[in-house]
Amino acid sequence: MSTRRDYSLVGLDGERAQRNGLAGAQWYACQAPRRTLKELMQRTDGPAIRDTLLWFGLLGLSRTLGCLTWGTWLAVPCFLVYGVLYGSASDSRWHECGHGTAFKTHWMNQAVYQIACFMILREPTVWRWSHARHHTDTLVVGRDPEINVQRPPSVFKLLVNFFALKSGAETIGKLFVHAVGRVTAEEVTFIPETEGWKIAIVARVYLAIFTGVIAWCIWAGSILPAMLIGLPTFYGAFLAVFFSLTQHAGLAEDVLDHRLNSRTVYMNPMFRFVYWNMNYHVEHHMFPLVPYHALPKLHEAIKADCPPPYRGCLEAYREVLPALARQIRDPNHFIRRPTPTATPT
Amino acid sequence: MTATWVDACDVNDVDPEDVRRFDHGGRTYAVYRTAEDEVFATDGLCTHEKTHLAGGLVMDGIIECPKHNGRFDFRTGKAMGAPACIDLKTYPAKVENGRILVSLD
Ligand code: FES
């Protein structure tokens, strides 16, 4: 019999998860010598400074070319590149800098985190705490606020979100709530009360910036300012969504083993630059202290105890799409990943 | 009152710039050794969600929690920012005859 689950953080499934010991539980971790892990966890500024300079450089170049060619068809590829760098590459920058692992220097993580949060339209304080919960209770229904494909999947929501229309609209709605100093009932469950003032300030700043951009567009009689600030979050989101669906979609819920609910997918160097190695997702969830640039080595260190990685996005999507299609009819269906060692129950 | 020192481990059991778990009296602690060979001790569980800090990363006087990367100054116990918001309890520690001793009073 298929049952519809309650993904809300204030619903019955959340209560059930707590009762059943799924909330804040102990997760399986592959064995790796402490010295190996320590080596992999080491911080350095070099790779992230290089990648960030390249990122900002490419953003600047594509923006300039886009403005110079504005009004011609040549602007389309320029804004496509700009949009992907703005609305998709910001996803992984937000993520790695939020963990504080991208750079060794703390303020650099903080600075890039704030910039990337704005680009991807994720309020920094809210998402810092929501992501902490995502790591505590990954894909535990009623506990994890970041389950991006809920069962049964909605094709409409999935498709519109390739342009961040669902997530973006939700965030804009919440900005108005946060700006007046309130948070939602779900947010109360994972954000300490003491963080409220930060949320309110950032919401007001975001709204002020967007108001400024709209005023600029009206004054200039052109949509160009919004094409540079604000809209790229939407028109450039598709690659981040394409990547993020490989992370957990179609896999098991309510299991305490990241090998069963996350995917590691091999990707080409260009994708890995945009995605900052988040494609090593099992490894990241198991050892979040390991910086993005060391994830390929971590993968080598623990892969004998992990399910086989996917050899590319195509292989991952060959599994994800049929599974999601089946979940529309049968929400209890999920993909079972083979694990070399037994998973604790 | 004189402090009671508890034998935690051999100093060589903890690499420089590293941390090790130490259980005593039904409680768990973390002992740290810095690159300069100083030793420190704190409660063993993160104040955020009770993860063992011994799995974390020691870097320049900071312990980073292995679960959500919360950061504490293990010399003072100070929580350095979200999601680590509550300070960590610290305990005096010293090295004597190659052993790390911790005062748990
Ligand atoms: S459990 Fe340590 S930071 Fe969350």
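This structure is a prediction, so every number in the text was calculated from the model and none was measured. (Residues numbered from 1 in each chain as written. Chains lettered and ligands numbered in written order. Predicted model: local features only at pLDDT ≥ 70, side-chain atom pairs only at ≥ 80, totals over all residues. Heavy atoms only, no water.)

**So, the overall build of chain A**
A tally of helices and strands in chain A yields 19 helices and 0 strands. The C-alpha radius of gyration of chain A comes to 20 Å, within 12% of the 20 Å expected for a compact globule of 345 residues. Principal-axis analysis of the C-alpha atoms gives chain A an extent of 60 × 40 × 40 Å. Here chain A holds 345 residues, and 55% of them are scored as buried. Counting contacts in chain A only where the partners sit at least 6 residues apart, residues at least 24 apart contribute 73% of the total. As displayed, chain A has an accessible area near 15,800 Å², and 65% of this comes from carbon and sulfur atoms. Mean positive and mean negative side-chain charge positions of chain A (34 and 26 charges, respectively) differ by 3 Å. (Helix = DSSP H or I, 4+ residues; strand = E, 2+ residues; numbered from the N terminus. Rg over C-alpha atoms; globule rule 2.2 N^0.38 Å. Buried < 20%, exposed > 50% of the residue type's maximum accessible area, 1.4 Å probe, protein only. Contact = heavy atoms within 4.5 Å. Areas by Shrake-Rupley, 256 points an atom, 1.4 Å probe, with all protein chains shown as cover. Lys, Arg positive; Asp, Glu negative; His and termini not counted. Charge placed at Lys NZ, Arg CZ, Asp CG, Glu CD.)

**Concerning the environment of A:Gln247**
Residues and elements named next belong to chain A. Structurally, the position occupied by Gln 247 is in helix 14 (residues 238–248). Between the alpha carbons of Gln 247 and Arg 263 there is a distance of 5.2 Å; along the sequence they are 16 residues apart. One polar contact links Gln 247 to Tyr 275, side chain to side chain, over a distance of 2.8 Å. (Polar contact = N/O pair within 3.5 Å; in protein donor to acceptor, adjacent residues only side chain to side chain.)

**Some words on helix 1 (residues 12–19) of chain A**
Residue and element names in this part refer to chain A. Taken together, the buried positions of helix 1 are occupied by Asp 13, Gly 14 and Ala 17. With its buried residues spanning 105° around the axis, helix 1 presents them on a single face. For helix 1, exposure combined with an orientation more than 90 degrees from the buried face picks out Leu 12, Gln 18 and Arg 19. In the segment just after helix 1, Gly 21 is the residue with positive phi, at about 75°. (Arc of directions from axis to C-beta.)

**Concerning the interface of chain A and chain B**
Taken together, the contact between chain A and chain B spans 20 residues of the former and 23 residues of the latter. Counting the surface lost from both chain A and chain B, the interface buries some 1,800 Å², and carbon and sulfur atoms represent 49% of this. The largest contributions to the chain A side of the interface with chain B come from A:Arg34, A:Lys38 and A:Leu289, which together make up 29% of the buried area. Between the two partners, chain A and chain B, sit 4 salt bridges. Measuring nitrogen to oxygen at the nearest pair gives 2.5 Å for the salt bridge that ties B:Asp18 to A:Arg34. Among the elements of the structure, helix 2 (34–41) and helix 7 (124–136) of chain A are those that each provide at least two residues to the side of chain A that touches chain B. Sorting elements by how many residues they give to the side of chain A that touches chain B places helix 7 of chain A first, with 5 residues. Among the residues making up the side of chain A that touches chain B, the classes are represented as 7 nonpolar, 6 polar and 7 charged. (Buried area = accessible area lost by both parts, 1.4 Å probe. Salt bridge = Lys/Arg side-chain N within 4 Å of Asp/Glu carboxyl O. Nonpolar A, V, L, I, M, F, W, Y, C, P; charged D, E, K, R; others polar.)

**Observations concerning the packing of aromatic side chains**
Residues and elements named next belong to chain A. Within this structure, the stated rule accounts for 17 aromatic pairs over all chains. On the numbers, 5.5 Å between centres and 20° between planes, the contact of Phe 118 with Phe 210 is stacked. Here Phe 210 lies in helix 11 (residues 196–220) and Phe 118 lies in helix 6 (residues 106–120), a separation of 92 residues in the sequence. With respect to class, Phe 118 is no different from Phe 210; both count as buried. With centroids separated by 4.8 Å and ring planes inclined at 5°, the aromatic side chains of Phe 242 and Tyr 317 adopt a geometry described as stacked. Linking Phe 242 in helix 14 with Tyr 317 in helix 19 (residues 313–329), this pair joins segments that are 75 residues apart in sequence. You can call Phe 242 partly exposed: its relative accessible area is 24%. Taken together, the ring pairs connect Phe 242, Phe 243, Phe 271, Tyr 275 and Tyr 317 into an aromatic cluster. When the ring centre of Tyr 113 is taken as reference, the NZ or CZ atom of Arg 128 above it lies at 4.4 Å. (Phe/Tyr/Trp six-rings, centres within 6.5 Å; stacked < 30°, edge-to-face > 60°. Lys NZ or Arg CZ within 6 Å of the ring centre and 35° of its normal.)

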